[in-house]
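Spelled out, the chains give:
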Amino acid sequence: MPPEPKESAPCQAKTDDEQQTDSSDENEVPANGEEEIDLEGASDEILELNDRLDSLSTVLDSIEQQNDDLRAQILLLLDSQRETLKSFKEENSRMAAKGAEPMDGDDPMQQS
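Note that the coordinates shown come from a computational prediction; the quantities given were computed from them, not determined experimentally.

Asker: Explain the overall build of the chain to me, please; I cannot follow it from the model alone.
Answerer: For the chain, the helix and strand inventory stands at 3 helices and 0 strands. Each helix (α) and strand (β) of the chain, taken in turn from the N terminus, gives the series α-α-α. A burial count over the chain gives 1% of its 112 residues as buried. Element-wise, carbon and sulfur atoms account for 53% of the exposed surface of the chain, whose accessible area totals about 10,700 Å².

Here's what the structure looks like:
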């Protein structure tokens, strides 16, 4: 005779807590020691990985320092160009104020 619905309902209806407990039990390492982790081999791998990460960090620090140096040099060059452009504009405005228009062949870059 088949079971009555009242008897099967409590077994089939699991709460969320029970379902989470069941799923976490599946992921646990068996207590009988079927799977043992080689801690010595793992520690060697971790040390090697740590050394590689240290090397990468050193290289990245070096690249960052080079970028900072290049940025500083570029900023100095831009400032120098601004100063030069400003002096050329001032010279041109002084020449225009005196009434001596620069000829087409005159290039302020050639003057020393």
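Asker: What is the right way to read a nonpolar patch on the surface from this model?
Answerer: Together, Leu 70, Ile 74, Leu 75 and Leu 78 make up an exposed nonpolar region whose accessible area comes to about 340 Å². Here Leu 70 is to be found in helix H3 (residues 39-98). The class of Leu 70 is partly exposed, set by a relative accessible area of 47%.

Asker: Help me understand the pattern of salt bridges, please; the structure alone is not making it clear to me.
Answerer: A side chain with one charge can pair with a side chain of the opposite charge if their charged atoms come near. Within the structure shown, the criterion is met by 2 salt bridges. A salt bridge links Arg 82 to Asp 79, with the shortest nitrogen-to-oxygen separation between them at 3.1 Å. Placement of the pair is Arg 82 and Asp 79 together in helix H3, with a separation of 3 residues, close to one helical turn. Classification of Arg 82 as exposed rests on a relative accessible area of 53%.

Definitions and cut-offs
Residues numbered from 1 in each chain as written. Predicted model: local features only at pLDDT ≥ 70, side-chain atom pairs only at ≥ 80, totals over all residues. Heavy atoms only, no water. Helix = DSSP H or I, 4+ residues; strand = E, 2+ residues; numbered from the N terminus. Buried < 20%, exposed > 50% of the residue type's maximum accessible area, 1.4 Å probe, protein only. Areas by Shrake-Rupley, 256 points an atom, 1.4 Å probe, with all protein chains shown as cover. Patch = residues over 30% accessible without salt bridge, like charges linked within 9 Å, V, L, I, M, F, W, Y side chains within 5 Å. Salt bridge = Lys/Arg side-chain N within 4 Å of Asp/Glu carboxyl O.

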